[in-house]
Amino acid sequence: MFNWDADYDDLVKDRAVLITATADLQPEAAGAAPSLRERAASLVSHLHGFAGKWAMAGAVALMLGALGTTAAFVPRAGGDVSLASFTDWSLGILGLAEPMPEGLLAYEQPQFDNFRRGIARFSDAELIDYLRAAQRDLDAGSPTAEFTRDALFLAHREVERRGLPATR
């Protein structure tokens, strides 16, 4: 077993440390103020450190801002109401939004815009099938009759816009 009192001196040897002054460091110059060149170099070093720390954060903030601005003007397939209302408001200010037609019972502007974008993607056959299915729902007494009437009204407008034969 190890005995700290008896074996310590065998394990630990004292080494002499030799401290010498270098030729260019003189004791009287150690407390002197730094020169203008040294202060400028220190300032540049600190500025490089600051720029290195914050440049990436600034670049990320600019990219996120650019993506957010771009996303506001890209048509959406989903129904994100908050983004839809922001985009519709900004498009309305710019005069790029289509105004809601007269005669809608239940739809508001965001619903109208989403429906219009969605129905524009329908093929002609899908549009006619949608009209027939919506009319069947309305004839059967749909609990959402006002919304179904608005959808039929907008679907008929799309049929007229495309120049398809009228179906009732």
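Residues numbered from 1 in each chain as written. Predicted model: local features only at pLDDT ≥ 70, side-chain atom pairs only at ≥ 80, totals over all residues. Heavy atoms only, no water.

(A) Quick look at the overall build of the protein chain. Along the backbone of the protein chain there are six helices and zero strands. Along the protein chain, from the amino end to the carboxyl end, the secondary structure elements read α-α-α-α-α-α. A burial count over the protein chain gives 20% of its 168 residues as buried. Sequence-distant contacts in the protein chain: of pairs separated by 6 or more residues, those separated by 24 or more amount to 56%. Within the structure as shown, the protein chain displays about 13100 Å² of accessible surface, and the carbon and sulfur contribution to it stands at 62%. (Helix = DSSP H or I, 4+ residues; strand = E, 2+ residues; numbered from the N terminus. Buried < 20%, exposed > 50% of the residue type's maximum accessible area, 1.4 Å probe, protein only. Contact = heavy atoms within 4.5 Å. Areas by Shrake-Rupley, 256 points an atom, 1.4 Å probe, with all protein chains shown as cover.)

(B) Structural detail: the layout of surface pockets. Size it by volume and the largest pocket reaches roughly 170 Å³. In this structure, the largest pocket is lined by E98, F112, F115, R116, I119, A120, L154, R157, E158 and R161. Taken together, the elements giving at least two residues each to the lining of the largest pocket come down to α4 (109–119) and α6 (145–162). Its residues assigned to classes, the lining of the largest pocket shows five nonpolar, no polar and five charged. (1 Å grid on protein atoms, 1.4 Å probe; cavity = no way out; pocket = protein on both sides within 12 Å on 5 of 7 lines; lining within 4 Å. Points joined across faces, edges and corners; volume = space filled by probe spheres on them. Nonpolar A, V, L, I, M, F, W, Y, C, P; charged D, E, K, R; others polar.)

(C) Quick peek at the packing of helix α5 (residues 124–139) against α6. Interaxial distance between α5 and α6 falls to 10 Å at its minimum, and their mutual angle equals 150°. Considering their axes alone, α5 and α6 lie roughly antiparallel with respect to each other. Here α5 runs over α6; the crossing is left-handed. Facing D124, L127, I128, Y130, L131, A134, Q135 and L138 of α5, the residues of α6 in contact are A145, T148, R149, A151, L152, A155, H156, E158, V159 and R162. Broken down by class, the residue content of the contact of α5 with α6 amounts to eleven nonpolar, three polar and four charged. (Axes fitted to C-alpha atoms, helices over the stretch in contact; angles between N-to-C directions. Parallel < 35°, antiparallel > 145°, perpendicular 65-115°, else oblique. Left-handed = near helix turned anticlockwise from the far one by under 90°.)

(D) Spatial organisation of the confidence of the model for the protein chain. In the predicted model, the protein chain carries a mean pLDDT of 75, and 70% of its residues have values of at least 70. Segment residues 78–84: pLDDT under 50, and four contacts once partners within four positions in sequence are set aside and those in other chains are kept. (pLDDT = per-residue confidence, 0-100.)

(E) Geometry of the pattern of salt bridges. Scanning all chains against the criterion turns up five salt bridges. Across the pair D129 and R132 runs a salt bridge whose closest N-O atoms are separated by 4.0 Å. Highlighted residues: D129 and R132, both in helix α5, separated by three residues, approximately one helical turn. (Salt bridge = Lys/Arg side-chain N within 4 Å of Asp/Glu carboxyl O.)

(F) Local environment of the packing of aromatic side chains. Counting across every chain of the model gives four aromatic pairs. An angle of 45° between the planes, with centres 6.0 Å apart, marks the rings of Y107 and F147 as tilted. Taken as a pair, Y107 in the loop between α3 (81–94) and α4 and F147 in helix α6 lie far apart in primary sequence, 40 residues in all. A residue is classified by how much of its surface remains accessible, and F147, at 36% relative accessible area, is partly exposed. Arranged with centres 5.8 Å apart and planes meeting at 75°, the rings of F122 and Y130 form a pair that is edge-to-face. For F122, a relative accessible area of 28% gives the class partly exposed. (Phe/Tyr/Trp six-rings, centres within 6.5 Å; stacked < 30°, edge-to-face > 60°.)

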